[in-house]
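Each chain is listed here by its residues.
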Amino acid sequence: MLTLNKRYIGLLLLIIAFASCSKQKGFGPNYDDYNPGLYPVSVDNAVDYRPDPTVTAKLSGDSAITITLSLQGNSSRSIKEITKVATSTSYTAIQSAGTTGFYPVAAIPVGGKTVTFKTSISTYLSVYKTEKPAANAELVNRFYFRITLDDGTIIYPTPVRVLIVS
């Protein structure tokens, strides 16, 4: 009888353990828990998600880095300007109240739902004094944007990665 009760208690504990577990969710735009906030911004020219939106730039030619951001949804808001741009490995730089450490670009006026930010690999390298990136590798820093909407709301969309292709 005692052995039978131990089995039932063990089974009961096992059922409780399974019932208390929950499904773990991933991160990024391809998962259930992705919450873009009240004003979601997409990267229209993203070629991949690693897990952040990723755009490509070529080493040859003009070596342009182009990032097209769009305010999504049925919002009546529009983008007033890209207030600041930072390149970093974390959000710390873009959310800083300081005036230094930002990418060398003035505020970009928009007045619509879509804006294209354009720079070059050579400008990036002149700012960070790093070696020329290799093909099929990402730039070390991601691009972070501080966007001001027409009502004065400030949003920080998902950072953008840059993959260098040959």
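Note: the structure precedes this text.
Residues numbered from 1 in each chain as written. Predicted model: local features only at pLDDT ≥ 70, side-chain atom pairs only at ≥ 80, totals over all residues. Heavy atoms only, no water.

Novice: Report on the overall build of the protein, specifying residues and quantitative values.
Specialist: Along its length, the protein carries two helices and 11 strands. Expressed as a percentage of the 166 residues in the protein, the buried residues total 34%. Within the protein, counting contacts between residues at least 6 apart in sequence, those at least 24 apart form 69% of the total. Total accessible area on the protein stands at roughly 10000 Å², and carbon and sulfur atoms take up 55% of it. (Helix = DSSP H or I, 4+ residues; strand = E, 2+ residues; numbered from the N terminus. Buried < 20%, exposed > 50% of the residue type's maximum accessible area, 1.4 Å probe, protein only. Contact = heavy atoms within 4.5 Å. Areas by Shrake-Rupley, 256 points an atom, 1.4 Å probe, with all protein chains shown as cover.)

Novice: Lay out unusual backbone geometry in plain terms, naming residues and giving numbers.
Specialist: Phi is mostly negative for residues that are not glycine, and the peptide bonds are mostly trans. Residue Pro-51 is reached from Arg-50 by a cis peptide bond, and omega for that bond is -10°. Looking at the element boundaries, Pro-51 is found in the loop between β2 (48-49) and β3 (53-58). One non-glycine residue, Asn-136, lies in the positive phi region at around 60°.

Novice: Pulling in residues and values, what's your account of the side chain of Ser-70?
Specialist: The residue Ser-70 is located in strand β4 (residues 64-71) in this model. Looking at Ser-70, the relative accessible area reads 4%, which means it is buried. Of the polar contacts made by the side chain of Ser-70, one reaches the side chain of Thr-114; its length is 3.0 Å. Setting aside residues no more than four positions away along its own chain, Ser-70 makes contact with Pro-40, Val-41, Ser-42, Asp-44, Lys-113 and Thr-114. (Polar contact = N/O pair within 3.5 Å; in protein donor to acceptor, adjacent residues only side chain to side chain.)

Novice: Account for a nonpolar patch on the surface, naming residues and giving values.
Specialist: A contiguous nonpolar surface patch, about 250 Å² in accessible area, is contributed by Tyr-91, Ile-154 and Tyr-156. In this fold, Tyr-91 is placed in the loop between β5 (79-88) and β6 (108-112). (Patch = residues over 30% accessible without salt bridge, like charges linked within 9 Å, V, L, I, M, F, W, Y side chains within 5 Å. Salt bridge = Lys/Arg side-chain N within 4 Å of Asp/Glu carboxyl O.)

Novice: Residues and numbers for the environment of Ile-121, please.
Specialist: Looking at the element boundaries, Ile-121 is found in helix α2 (residues 121-128). Separated by 18 residues in the primary sequence, Ile-121 and Leu-139 have C-alpha atoms spaced 9.2 Å apart. Not counting residues up to four positions away in its chain, the partners in contact with Ile-121 are Ala-57, Lys-58, Leu-59, Ser-63, Ile-65, Pro-133 and Ile-164.

Novice: Can you break down the sheet that holds β2 residue by residue, with the values?
Specialist: As summarised here, the arrangement of the four strands in space is β2-β3-β11-β8, forming an open sheet in which the pairing is mixed. The strands lining the two open edges of the sheet, one partner per strand, are β2 and β8 (137-138). With two bridges joining them, β2 and β3 adopt antiparallel strand pairing. Looking at β3, one finds that Tyr-49 is bridged to Pro-53. (Pairing = 2+ DSSP bridges.)

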